[in-house]
Amino acid sequence: MKSITAVIVEDEVHSRETLKSFLKEFCPEVELLDMATNVEEGIQKISQLRPQLVFLDIELQTGTGFDVLQKVNHLDFHLIFTTAFEHYAIKAIKFSSIDYLLKPIDIDELVMAVQKALKQAEQESRQNLFENLLNNLGSGSKEAKKICLATSEGIEFIPTDQISHCEANGSYTDFFLTDGRKMMVSKNLKEYENMLSDMNFMRVHNSYLINLSEVKKFVKSEGGYIVMNGDQQVSISNSRREEFLKRMGI
């Protein structure tokens, strides 16, 4: 059986022991090396033990999980954040394609996250993912951030202001970039709608999510449609036309 070494960084005794118990019972592939209770211990354990997987609580009594990431001396482990609530940082975490688990931890979600870590354990350093996360956390909510897009060719970090629009493609999403490129990503459009909703993006149709800053014109004829700066035509549903026109100041 393929295995993976792990460290838990969690300051709440109950949460720490529950996760340890769940791993032992439901994730036998995980070899738990040790547990830490605060930022300083977390940095020390990760640096000394070099685990392949780290379960990292976002809120620690002596700081945050992000403090651990900034100070640890290597970033070549798979990371799973844990948090007790829908934290302001969850969107930044999703942008950076990093896993997280909401407490109380669901066993099925834990098993899925561990299986994903097992598949990725042999990948190269994940430093770029973590750096992108920390950069996004430091940006204002409306400033351009970089979103991590995993394609069949690898991972790309794309500034949100370089996205023209997104189109649903079954359980996948096609990204159309301002430089003319097209990227297919293995997540559905609804997930990206949730991520980009406060970045001046709008779902104008079941099949389309657009960057309002990239709209070239709105054509009223033929039921109405939108033309993007790259001259691509995007359909707009009748139920979303009024909101679109309002947001465009029309």
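Along each chain, numbering runs from 1 in the same order as the chain's sequence is written. The predicted origin of the model limits local features to residues at a pLDDT of at least 70 and limits the giving and counting of side-chain atom pairs to 80 or more, whereas totals for whole chains, interfaces and linings rest on all residues. As a rule here, side-chain values cover all heavy atoms of the structure and leave hydrogens and water aside.

**Considerations on the pattern of salt bridges**
(1) Moving on: Note on definitions: salt bridges are taken to be side-chain nitrogens of Lys or Arg within 4 Å of carboxyl oxygens of Asp or Glu. Tallying each qualifying case throughout the model produces 12 salt bridges.
(2) Moving on: In this structure, Glu156 engages Arg181 in a salt bridge whose closest nitrogen and oxygen atoms are separated by 3.2 Å. Here Glu156, found in strand 9 (residues 154-159), pairs with Arg181, found in the loop between strand 11 (172-177) and strand 12 (182-185); they are 25 residues apart in sequence, far enough to count as distant.
(3) Moving on: Among the residues examined, Arg181 registers a relative accessible area of 34% and is labelled partly exposed.
(4) Moving on: For Glu193, the salt bridge identified is with Arg203, shortest N-O distance 2.7 Å. Separated by 10 residues along the polypeptide, Glu193 in helix 7 (residues 189-196) and Arg203 in strand 13 (residues 201-205) bring together distant segments of the chain. For the pair shown, Glu193 and Arg203 are each scored as buried. Secondary structure elements follow DSSP: runs of H or I no shorter than four residues count as helices, runs of E no shorter than two count as strands, and numbering proceeds from the N terminus. Think of it in three bands: residues with accessible area under 20% of the maximum for their type are buried, residues over 50% are exposed, and the middle band is partly exposed, with areas taken using a 1.4 Å probe on protein chains only.

**Let's talk about the pairing of strand 6 (residues 78-83)**
(1) Moving on: With six of six residues buried, strand 6 lies mostly within the body of the structure.
(2) Moving on: When DSSP finds two or more bridges between a pair of strands, those strands are recorded as paired. Bridge analysis of strand 6 against strand 7 (residues 99-102) gives four bridges, and the strand direction is parallel. Residue pairing for strand 7: Thr83 is matched across the bridge by Leu102.

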